[in-house]
Amino acid sequence: MGGALRATMTEAAPPAALLPFALARVDDRLLHGQVLLNWVRALRPRRLSVVDDALAADPLARSLLLSVAPPHLEAWLGSISEAVAVLAPAPVALTRATFLLLRSPEAAWATFRAGVRFAALEVGCLGHSAGRVRVAAQVYLSPAEMEALWNLAACGVTVMARALPTDVPLSLEEIAQRVARGGELPRSS
Amino acid sequence: VVRAEDAPPAPLPVSAAAALAIALCYYLSQSAWLAGLGFWTLYRPLIGGTLTGIILGDPVAGARAGATINLAYLGFLATGGTLPSDISLAGYLGAALVVAGGVDERAALSLTIPAGMLGYLIYQARMTLDVALVHWADERARRGDARGVAWCNVVPPQALLLVLSVVPCFLGVYWGPAWLGQALGTLPPWLLGSLEVAGGLLPALGIAMSLALLWHEGNGATFVASFVVNALAAVPVLAWGVLAAAVAALQLRLTRESVGAAAEPASEAASSSSTPLRRGDLWRAWLNWLFFSHACYNYERMQGSGFAHAMVPVLRRLYPQREHLAAALQRHLVYYNAEPNLGAVVIGVTAALEEAHAQGAPVEASAINATKTSLMGPLSGLGDSLIQGTLAPALLALGAGLALQGNLAGPLLYALAMAALIWGLSATLFWRGYRQGRAGIVALVQRGGLQRLLRAGEIVGASMLGALAAGAVRLRTPLVLAIGAAGWRVQEDFLDKLFPQALPLAVVLLYLALLRRRVAPLWLMLVTLGVAAVLRGVGWL
């Protein structure tokens, strides 16, 4: 099933130039060891921008996340609307140095539609929960989340899945096949 | 230890009992029985090699081999349930190859690369098969069987791990040294020599991988300065370690006042006079976490059943009614993954929240898991940076530096320091989490004490890595340029007169530059083997 057919074109924003980021990553733990050690070591970004409505509204969680970011990175955390104000008009030189973290495929799609038009998205770690099926060791996805990824692909975003910079990435087609099969073994009961 | 140029010694036979003992050490290194220390001690080739040496009757040779192997894997990170290579299996098999097989430790290091890959398959098998076992725990949780959940978290997965780990390690240790020792004897000298050249270079890769994590805020200069001083002057490793620690302590002292002190928060946890949880329940919860957090580690829930197991003493006390107990057990069997040492704080916070919930305080069950979720990511990021990324490599560099000089105090000092660090952090943070709740932990992190410890650890790490690289990376060139009648020897006539360790330093910095251009470490290992073979073949190395 082709991505273009699946996308709801009425929802998609009109085509405009896509912004290159150091990396835009979906991860339901947002900031953790893989992000701060493996990815920051590989990408050497100058900025770490975390976009999450729930965290932006929770002062404790917000200050915890900002205090664990390493001092040599400029860390920022905000809601989707704040991200649009900060990142959408940012020059390419700045977004190229920005490591963007998003909580879920749906949040990524909402952020993209709102105006933060990242050119590529990598699905990092998404843990098991009810309704999600296993796509890779570190990636569990629900059909609704798959839909969000197709919508992004239809807008020209390159979507892949991998946990670490040294992993071979899974293409969106491979991800979709695995979700359609009901997940890779082992099945969750 | 015999060099390639000499006749290889006849490999010593390894007795079945010795092979079994080494295989059991390999099992223990990943098992749940060492109070949270297995992954930090027996899993590291420095310790694994020493134990292998003790079992096979030559502790010093084992410690030296373990230290050499460990250096190549110094910067490997196991973050968020991923594993780049099984450094534990590489350590046990490699050290056995040196001690019993009489193989040069650098050649043995090159030969451990496939062992690390094989061990990764064992890890994957375990992480996949344990998924089925966590579903057994689900079944017992539905019935409110707390002991059953604890049993499922420990007994079947640890029995499975015993079989998965002991069999291949036993076979490798029992037959590997004799077989490989003999096979290497039949190799042409240049090929065996190229394995030794590669083994002399691979420690530079491990050191560069650790450096890549620290390469900011002046740590690079600290590394280079430490390298140069140690290459030119014979400074004892321990003296250099003490000096580095003193500088780090000064740094800690100087930055103490610069971080604004956040106000001590009011406790989030219910602090009524009659708390149903007893100290014993809480200590047992902490111990369960310390021992069994990774007992049934699996791709689907990660530490989910470990978390539920840790909560068992708390939940049994709080929920005498079976249906309440069942709901609470199921609540904690969901996906959970955190760096376990700083993550002990979450066990404490959750115990306090469950206590408040059970007493009818306005703490919703869903809010308990939301709190766990909001803490696990950031604490893992800080915990992995602090322990895996900084303190463990710094202490390993010290321990390996001593072990390479034949000093068994190296592995011992490393193990004792890690035990103090991990038990101390874990217990302190657990109680802090229970007494002060999430707000207390956020305030603690905000005050920046852990970050300052990280910064101080980076200074020690950069200096120890520099000292270590100066001694442990071995590269000299026999290249003679056809200049003048006698020729011009690059090493003796030029490098030795200027800076004898120029080539090792250049190799570390070259690996670092390649890593910073996102070349994969495993790829670099394989390229090193190939390049060493070619350069040895043409007589440049």
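Residues numbered from 1 in each chain as written. Chains lettered and ligands numbered in written order. Predicted model: local features only at pLDDT ≥ 70, side-chain atom pairs only at ≥ 80, totals over all residues. Heavy atoms only, no water.

## Points about the overall build of chain B
Link 1 in the chain: A tally of helices and strands in chain B yields 19 helices and two strands.
Link 2 in the chain: Computed over the C-alpha atoms, the radius of gyration of chain B is 25 Å, within 12% of the 24 Å expected from 2.2 N^0.38 for a compact globule of 541 residues.
Link 3 in the chain: Dimensions of chain B along its principal axes, counting C-alpha atoms only, are 95 × 55 × 35 Å.
Link 4 in the chain: The 541 residues of chain B split such that 59% are buried.
Link 5 in the chain: Averaging the positions of the 34 positive and the 27 negative side-chain charges in chain B gives two centres separated by 4 Å. (Helix = DSSP H or I, 4+ residues; strand = E, 2+ residues; numbered from the N terminus. Rg over C-alpha atoms; globule rule 2.2 N^0.38 Å. Buried < 20%, exposed > 50% of the residue type's maximum accessible area, 1.4 Å probe, protein only. Lys, Arg positive; Asp, Glu negative; His and termini not counted. Charge placed at Lys NZ, Arg CZ, Asp CG, Glu CD.)

## Things to note about the interface of chain A and chain B
Quite often, the size of an interface is put as the accessible area lost when its parts meet.
Link 1 in the chain: Between chain A and chain B, the residue contacts involve 38 residues of the former and 42 residues of the latter.
Link 2 in the chain: Across the chain A to chain B interface the summed buried area is about 3,400 Å²; carbon plus sulfur atoms make up 61%.
Link 3 in the chain: For the chain A face of the interface with chain B, the top three residues by lost area are Arg29, Arg41 and Leu64 of chain A, together amounting to 22%.
Link 4 in the chain: Viewed at the interface, chain B and chain A are joined by one salt bridge.
Link 5 in the chain: The partner of arginine 438 of chain B in a salt bridge is aspartate 58 of chain A, and the shortest N-O contact between them spans 3.3 Å.
Link 6 in the chain: For the pair chain A and chain B, the number of links is 13 residue pairs in polar contact (both at pLDDT 80 or more).
Link 7 in the chain: Every element with two or more residues in the side of chain A that touches chain B is listed here: helix H2 (33-43) and helix H4 (59-68) of chain A.
Link 8 in the chain: Broken down by element, the residue count for the side of chain A that touches chain B peaks at nine residues, all from H2 of chain A. (Contact = heavy atoms within 4.5 Å. Buried area = accessible area lost by both parts, 1.4 Å probe. Salt bridge = Lys/Arg side-chain N within 4 Å of Asp/Glu carboxyl O. Polar contact = N/O pair within 3.5 Å; in protein donor to acceptor, adjacent residues only side chain to side chain.)

## Remarks on the pairing of strand E5 (residues 120-123) of chain A
Link 1 in the chain: As paired elements, strand E1 (residues 23-26) of chain A and E5 of chain A share two bridges and run parallel to each other. Bridging across to E5 of chain A, valine 26 of chain A finds its partner in valine 123 of chain A. (Pairing = 2+ DSSP bridges.)

## As for unusual backbone geometry
Excluding glycine, a negative phi dihedral is what most residues carry, and trans is how most peptide bonds are arranged.
Link 1 in the chain: Here arginine 44 of chain A, not a glycine, exhibits a phi torsion of approximately 45°, which is positive.
Link 2 in the chain: Looking at the secondary structure, you find arginine 44 of chain A in the loop between H2 and strand E2 (47-51).
Link 3 in the chain: A positive phi angle, close to 55°, is found at methionine 302 of chain B, a residue other than glycine.
Link 4 in the chain: Locating methionine 302 of chain B in the fold gives a position in the loop between helix H10 (279-292) and helix H11 (304-318).
Link 5 in the chain: Using a relative accessible area of 2% as the deciding quantity, one classes methionine 302 of chain B as buried.

## Comments concerning the confidence of the model for chain B
All names here are of chain B.
Link 1 in the chain: The predicted model of chain B has a mean per-residue pLDDT of 91, with 95% of residues at 70 or higher.
Link 2 in the chain: Taken together, the stretch residues 259-263 has pLDDT below 50 and engages in seven contacts with residues farther than four places along the chain or on a different chain.
Link 3 in the chain: This prediction of the complex comes with two scores: 0.91 for pTM and 0.88 for ipTM. (pLDDT = per-residue confidence, 0-100.)

## A short note on the pattern of salt bridges
When the charged atoms of two side chains lie near each other, side chains of opposite charge can form a pair.
Link 1 in the chain: Under the criterion given, the structure shown has 20 salt bridges over all chains.
Link 2 in the chain: Of the charged contacts, one joins arginine 455 of chain B and glutamate 458 of chain B as a salt bridge, the two residues approaching to 3.1 Å between their closest N and O atoms. Taken together, the positions of arginine 455 of chain B and glutamate 458 of chain B, both in helix H16 (residues 449-472) and three residues apart, correspond to about one turn of that helix. Side by side, arginine 455 of chain B and glutamate 458 of chain B carry an identical accessibility label, which is buried.
Link 3 in the chain: Notably, a salt bridge pairs aspartate 496 of chain B with arginine 476 of chain B, separated by 2.8 Å at the nearest N-O pair. Of this pair, aspartate 496 of chain B sits in helix H17 (residues 490-498) while arginine 476 of chain B sits in the loop between H16 and strand E1 (480-481), placing them 20 residues apart in sequence.
Link 4 in the chain: Connected through shared salt-bridge partners, Asp28, Arg132 and Glu145 of chain A make up one network.

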